[in-house]
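# Observations on the model geometry
The chain contents come next:
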Amino acid sequence: MSFGVPWLLAGMLLAAIPVIVHLVNRRRAVRVRFAPLELLRRSQQQTARHIKVKQRVLLALRVALLLLLPLAMSQPFWAQTTDFATGSDRLPAAVVFVLDDSASLSAPVGDGTAWSAAQAAAIDAIDDLRAWDQVAVVVAGAEVVAPLATLTDQHSLAIDAVREHVPRWGRSDLSAALVVAQQIMATSQQPVRRVVVVTDNAVSAWPTPAAAPLGLGELTILDVADPASNLAVTSLRWEEAPEAGVGAWRVEASVAREAAGDPVDVEATLRVAGSPVATQVARLDDLQVTLSFTHTFGDSDTPVPFSVEVRDAIGPSLDNVRWGLVSPRAASRVLLVNGDARSVQYNDELFFAQRALEAPMGGRIATQLSSIPPEALASTPLEGFDVVVLANVAAVSAPDATRLQAFVTAGGGLLISGGDRVDPTGYNATLAGLLPRPLRGVRTLGEYGDPDLAIRATRVADVDSRHPIFAVFAAPGGETLQSASVWSYLLIEPGGDGDVRTLATLGDGAPVLLERVLGSGAVVLLATSLDLDWTDLPVRTAYLPLLHRIVEHLARRSSGTAPHVEVGDVRELDVATWRADRVWVEQTDGVRRTLLVEEDAVRVPVALAGPHTVWIGRPGEEPARAALLDFVANTPGVESAVAGLGPDAVARMAAEARTGVVSAEGARAAGQSLWPILLFGVLIVLYIETAVAARRRVWERIAQRMRRGPAAGAATDGFGR
Amino acid sequence: MTSASLRYVDPRQLEALGSTQLRARSVIEGIVTGLHRNPHRGSSVEFAEYKEYRPGDDLRHIDWRAFGRVDRYYVKQFEDETNLRAWLLLDVSGSMDFAWEGAPSKRLWSSTLLASLAWLLLRQGDAPGLLVFDERPGMVLPPSSRSTQLDDLCAALDTVETQRNGPRRTSVSAALARIAEQVRRRSLVVIASDLLDAHEEMVTLMRLLRTRGLEVVVFHVLDRAELTLPFEGLTLFEGLEGEGEVLADPDALRAEYQRQFGAQLEQVRQTCVAADVEYFACVTDQPIEERLLDFVRARQRRTR
């Protein structure tokens, strides 16, 4: 006997309760003063034995009740096998084939894979059908598809559907596929209904617990693979290893096997951009071993895909490799142009900005800062930087403006901040191609140190919370940005084209932060200062994250590192800052798919494991590489569990579905549920217990009512009995 | 409850009525007027005394000579007629304190019954007396037809009511023995008791009293709970007469108890019938008036 929910058996401990109650009740009685006590004593002597027997019977019934109830709820069943054909085998049948194309079927079987074996087994089974049998084909996966969704007696269509299906190597959910099979079956008038599941019957193919819909019909499981073991790379971690040199990274790979066994040597290879760069051999004594590689990825501008692969000749091949993506140059390089340098540190224009940007974010330095005076801008090559900051710079020469414009168009970021040295007229003249909107002048509400500043100053009123810069401020506590006072700011001309976006406004409606997309880059204009001259923002808690977010955004690093993506998932790419209308994603096999941008994002169905490279396209422009959107996908980890669903689980499923299960060998397995019988037993015991425990007066009253009716009055004889 | 019985005093309200005299009056008011004529009229020629005429007295017994002398109506009374001595025996043992679910205690119910009876007897010129007993005879109030007798009798009953006798057993035999010793004349003996000690000696004494010309009336007073054993669940029964305790499941022994209790009641009834004793079964949740009327009607039938 097996159990569907074995942990409920613990409920049988409740059977101790009646025994305890019985023992406690013996010590607890209601006290009553009574006159004819001698008569009562004589009566008790007569009935003592009867009471004792009744009490023991009641105790036994209650214990039995509390034993039977958890037993029934744990869903016991009895597995039976039989190998004779039933009478229904000769009747016309509707047969739905459910194929499993999950990654676990990549295991080698004979000269091919488990998938090719599954195809062959399904085609053989279709060939064996009689001419009047109808057939349909369903393929299980993260998404169930039906290559042949209508039952037909043209068996060749089914064979073609099986033969032409390309496995998706994702995860599988056979229970969901059985529901689809049941829906197809519902359209059939055939007297016999049969579902044939062609699978490796791995635990991972069934949700927990495995279940078949009620009344599905006869369920046949063709088990096409039974790998004795499996070796898989289950996880990858990578981090910078500065101790090993500039650009060095440490990669740690966990290699695990299905079940414990004799120690084996595991050979793992690290591949970078497709080429093997290191190989290691480790002893796998237990279930898991971790291998560590150190490799110098260099100073690449684009993320570098890599993989760790193990040799495994038995289990599925797809989980032998796992992919990762390293962004070698993780820190943004920022050029700070200091327009108001001072010898007293805290009076310096960049005093607060530098300290904010130098602060580590998430445990690592996010920026590499270089600071120059405005006159040095002409001689500084901009190609080595991701972001340029013009902090309170009085004026920019026309040649510098042209260089900056080229820099931004090529993908760089420019942050312009205000200050008392800024000449709006000069800016409008030289930076017209960069400024989001022309400047109109400076508005001063007060001076730093003015005692009435708190009344005169305005505050940040509205921010565009959908913009990546302000995503962090949407979290609880993010409202601290609104507490910053601003008493001087650059006035900006109204209007502007579609590439300009107002990101924040002040309480009087004046824009304080604007963005203009230019080519592959962007310009952000902060209408107030980066120091305390025009605002107290630098001493507010919002200053540090705000500055980091602006720089990350301008350096196109706000997408972060690639998250964990598995085959069968849908990867959503946020392309809001790219202003793209199309995205191309190239899989590891070279197939490039075109996707249209909807609401600043694209959803990429992941069909293959490996690196995926991304291009973006704008109207009227050639596709541009968007390396920061690249990602890697891996085979679902659950598919590494290749152990078969046990016969108990199959029998229980058959019992729940009120159907039989036939294995590939032809033995018919049937699960006989015992819990309905036990529940019936519980009801019977409950009834007997009620009858025995009910006080005799209750029965007497019921009998009296049945005889006389409810209106029977008090007795009228001498003693009213 | 029938419509006729609505006039009766609810036994559950008895205690709230206050003293025994008030309770007795309430009971008596519920009984039809004129039902209590002396049943012994003209049964003797031995003159005893005069009594002032009251409506309802027989006109044949008016002494016209006396009327001529004092201009008032007097009725001549004879020995048997004037001195029907009635001994009212009240059981005040511990078991009579039992009460259940709003019903009055058996002692309260019995004392009210006897006081009401005394009222009736005095109204027709008889002389009621009182003997209170438990395991031995206690307070005695000799029979008298004095106008203050009712007050004395009710006061005596009130005194008994306020006393807590503790776990004293019932002994009707001892009380009957005392009556047999004291009473020489023809009398009426009324016993109100739960008769928990009914046995052979009591029967013998009843027969003795009958042979000596005394009429014996037994009011067998019980509580409904004693008949039905309505308790549920494991119960520790504590005796009211010092019998100790019994732990029992009433549901299990109810049938056997009722069988034995029924047998004992029947035995008592048969014993009374055999000894020519008038027997009235009483349950404390029933109106006293009903039992009293039963008694009066039975007396009328007996003297007719």
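Remember, predicted model here, so these are calculated numbers, not experimental data.

Summing up its helical and strand segments, chain A has 13 helices and 37 strands in all. Put simply, chain A has 721 residues, and 48% of those count as buried. Summarising the internal contacts of chain A: among those between residues at least 6 apart in sequence, 72% fall at separations of at least 24. If you sum the accessible surface of chain A, you get close to 33,800 Å²; carbon and sulfur atoms cover 55% of it.

As a further point, take the overall build of chain B. Regarding its fold elements, chain B presents ten helices and ten strands. The proportion of buried residues among the 304 residues of chain B is 55%. For chain B, the share of sequence-separated contacts (at least 6 apart) that also reach a separation of at least 24 residues comes to 74%. Carbon together with sulfur atoms contributes 48% to the accessible area of chain B, which is approximately 13,400 Å² in total.

Another aspect to go through is a negative patch on the surface. Residues and elements named next belong to chain A. A surface patch of like charges, here negative, comprises Asp574, Glu598, Glu599 and Asp600. Locating glutamate 598 in the fold gives a position in the loop between strand E31 (592–596) and strand E32 (601–605). What makes glutamate 598 exposed here is its relative accessible area of 61%.

Remark on secondary structure: sheet strands pair via backbone hydrogen bonds, oriented parallel or antiparallel. With mixed pairing, the three strands of this open sheet are ordered in space as E2(A)-E8(B)-E9(B). One side of each edge strand has no neighbouring strand; the edge strands of this open sheet are strand E2 (30–34) of chain A together with strand E9 (245–248) of chain B. The sheet shows a mean angle of 25° between the axes of neighbouring strands, taken without regard to direction.

Moving on: the interface of chain B and chain A. With 48 residues of chain B in contact, the opposing surface of chain A contributes 32 residues. Contact between chain B and chain A buries roughly 3,700 Å² in total, counting both sides, with carbon and sulfur atoms accounting for 60%. One can count two salt bridges joining chain B with chain A. Taking the shortest distance from any N to any O, the salt bridge between A:Arg31 and B:Glu245 comes out at 2.7 Å. Counting the contacts that link chain B with chain A gives eight residue pairs in polar contact (both at pLDDT 80 or more). Going through the elements one at a time, strand E7 (215–222), helix H8 (224–228), strand E8 (235–239), E9, helix H9 (250–274) and strand E10 (278–283) of chain B are the ones with two or more residues in the side of chain B that touches chain A. When residues in the side of chain B that touches chain A are grouped by element, the largest group, 13 residues, is from H9(B). Taken together, the residues of the side of chain B that touches chain A break down into 26 nonpolar, eleven polar and eleven charged.

Let us look at the pattern of salt bridges. The tally for this structure, following the rule as stated, stands at 34 salt bridges over all chains. The salt bridge partner of A:Arg421 is A:Asp340, with a shortest N-O separation of 3.3 Å. Residue A:Arg421 is located in the loop between strand E21 (413–417) and helix H8 (424–430), and its partner A:Asp340 is located in the loop between strand E18 (332–338) and helix H6 (351–358); the two are separated by 81 residues in the primary sequence. Note that B:Asp285 is salt-bridged to B:Arg224, the shortest N-O span being 3.0 Å. Linking B:Asp285 in the loop between E10 and helix H10 (288–303) with B:Arg224 in helix H8, this pair joins segments that are 61 residues apart in sequence.

Right, let's get into the packing of helix H3 (residues 114–127) of chain A against helix H4 (residues 155–164) of chain A. Residues and elements named next belong to chain A. In contact at an axis separation of 10 Å, H3 and H4 are set at 180° when each is read in the N-to-C sense. One way to sum up the angle between H3 and H4 is to call them roughly antiparallel. Of the residues in H4, those in contact with Trp115, Gln119, Ala122, Ile123, Ile126 and Asp127 of H3 are His155, Ala158, Ile159, Val162 and Arg163. Classifying every residue of the contact of H3 with H4 by side-chain character gives seven nonpolar, two polar and two charged.

Enumeration over the complete set of coordinates arrives at 17 aromatic pairs over all chains. Ring geometry for A:Phe34 versus B:Phe98: centroids 5.4 Å apart, planes at 90°, classification edge-to-face. One end of the pair, A:Phe34, is in strand E2; the other, B:Phe98, is in the loop between strand E3 (85–91) and helix H4 (106–123), on a second chain. Residues A:Phe34 and B:Phe98 agree in their burial class; the two are buried. Here the aromatic rings of A:Tyr448 and A:Trp487 are separated by 6.1 Å at their centres, their planes lie at 25°, and the arrangement is stacked. Taken as a pair, A:Tyr448 in the loop between strand E22 (439–444) and helix H9 (453–456) and A:Trp487 in the loop between strand E24 (485–486) and strand E25 (488–492) lie far apart in primary sequence, 39 residues in all. Judged by relative accessible area, which is 56%, A:Tyr448 ranks as exposed. Residue A:Trp487 is classed as buried on the basis of its relative accessible area of 3%. Among the aromatic residues, ring-to-ring pairing joins A:Phe34, B:Phe98, B:Trp100, B:Phe231, B:Phe237, B:Tyr257 and B:Phe261 into one connected group. The ring of A:Trp615 has A:Arg592 lying over it, and the distance from NZ or CZ to the ring centre is 4.1 Å. Between the NZ or CZ atom of A:Arg625 and the centre of the ring of A:Trp615, over which it lies, the distance is 5.2 Å.

In this section: the confidence of the model for chain A. Looking at chain A, pLDDT values average 81 and 84% of them are 70 or higher. Every residue in residues 710–717 of chain A is under pLDDT 50, and counting partners more than four places away or in other chains gives four contacts.

Residue and element names in this part refer to chain A. Residue placement: aspartate 319 occurs in the loop between strand E16 (304–310) and strand E17 (321–326). Buried and unpaired, aspartate 319 has arginine 322 as its nearest opposite-charge partner, separated by 8.2 Å. Every residue in contact with aspartate 319, bar those within four places of it in the chain, is listed here: Asn230, Leu231, Ala232, Val233, Thr635, Glu639 and Ser640.

This paragraph deals with the pairing of E16(A). All names here are of chain A. Burial analysis of E16 places six of its seven residues in the buried class, the great majority of the element. Bridge count for strand E13 (residues 264–272) against E16 is five bridges, and the pairing is antiparallel. Within E16, the residue paired with alanine 268 across the bridge is valine 310.

Looking now at unusual backbone geometry. Positive phi outside glycine occurs at A:Asn392, with the angle close to 55°. The topology assignment puts A:Asn392 in the loop between strand E20 (387–391) and helix H7 (398–409). Phi is positive for B:Glu101, which is not a glycine, with a value near 55°. Mapped onto the elements of the fold, B:Glu101 is located in the loop between E3 and H4. Residue B:Glu101 is classed as exposed on the basis of its relative accessible area, which comes to 68%.

A few words now on the sheet that holds strand E14 (residues 275–284) of chain A. Residues and elements named next belong to chain A. In space, the four strands of this open sheet follow the order E14-E13-E16-E17, with antiparallel pairing throughout. A strand with exactly one partner marks an edge of an open sheet, and here the two such strands are E14 and E17. Between one strand axis and the next, the sheet turns through 20° on average, direction left out of account. Where E13 lies against E14, nine bridges are found, and the strand directions are antiparallel. Residue pairing in the sheet places valine 266 in a bridge with alanine 282 of E14.

All names here are of chain A. At a minimum axis separation of 9 Å, H6 and helix H10 (residues 543–554) run at an interaxial angle of 75°. With respect to H10, the element H6 is oriented roughly perpendicular. Between H6, through Phe352, Ala353, Ala356 and Leu357, and H10, the contact on the second element is made entirely by Tyr543, Leu544, Leu547, His548 and Val551. Among the residues making up the contact of H6 with H10, the classes are represented as eight nonpolar, one polar and no charged.

This brings us to a nonpolar patch on the surface. Residue and element names in this part refer to chain A. Nonpolar side chains collect at one region of the surface, where Phe680, Ile684, Tyr687 and Ile688 lie side by side and expose about 440 Å² of accessible area between them. Tracing the chain through its elements places isoleucine 684 in helix H12 (residues 675–693). By relative accessible area, which is 39% here, isoleucine 684 ends up partly exposed.

Turning our eyes to something else, we now look at H7(A). Residues and elements named next belong to chain A. Taking 1.5 Å per residue as the helical rise, H7 with its twelve residues ought to reach 16 Å, and the 16 Å between its terminal C-alpha atoms agrees with that figure. When H7 is considered as a whole, its buried residues turn out to be Asp400, Ala401, Leu404, Phe407 and Val408. One side of H7 holds all its buried residues, which, seen down the axis, span an arc of 120°. Exposed positions of H7 whose direction lies more than 90 degrees from the buried face are Pro399 and Thr402. Turning to H7, the residues buried within the fold contact E20, E21, H8, strand E27 (511–518) and strand E28 (521–526). A positive backbone phi angle near 125° is found at glycine 411, which sits one or two residues after H7.

Thresholds, definitions, all that
Residues numbered from 1 in each chain as written. Chains lettered and ligands numbered in written order. Predicted model: local features only at pLDDT ≥ 70, side-chain atom pairs only at ≥ 80, totals over all residues. Heavy atoms only, no water. Helix = DSSP H or I, 4+ residues; strand = E, 2+ residues; numbered from the N terminus. Buried < 20%, exposed > 50% of the residue type's maximum accessible area, 1.4 Å probe, protein only. Contact = heavy atoms within 4.5 Å. Areas by Shrake-Rupley, 256 points an atom, 1.4 Å probe, with all protein chains shown as cover. Patch = residues over 30% accessible without salt bridge, like charges linked within 9 Å, V, L, I, M, F, W, Y side chains within 5 Å. Salt bridge = Lys/Arg side-chain N within 4 Å of Asp/Glu carboxyl O. Lys, Arg positive; Asp, Glu negative; His and termini not counted. Charge placed at Lys NZ, Arg CZ, Asp CG, Glu CD. Pairing = 2+ DSSP bridges. Axes fitted to C-alpha atoms, helices over the stretch in contact; angles between N-to-C directions. Buried area = accessible area lost by both parts, 1.4 Å probe. Polar contact = N/O pair within 3.5 Å; in protein donor to acceptor, adjacent residues only side chain to side chain. Nonpolar A, V, L, I, M, F, W, Y, C, P; charged D, E, K, R; others polar. Parallel < 35°, antiparallel > 145°, perpendicular 65-115°, else oblique. Phe/Tyr/Trp six-rings, centres within 6.5 Å; stacked < 30°, edge-to-face > 60°. Lys NZ or Arg CZ within 6 Å of the ring centre and 35° of its normal. pLDDT = per-residue confidence, 0-100. Expected span 1.5 Å × (residues − 1). Arc of directions from axis to C-beta.

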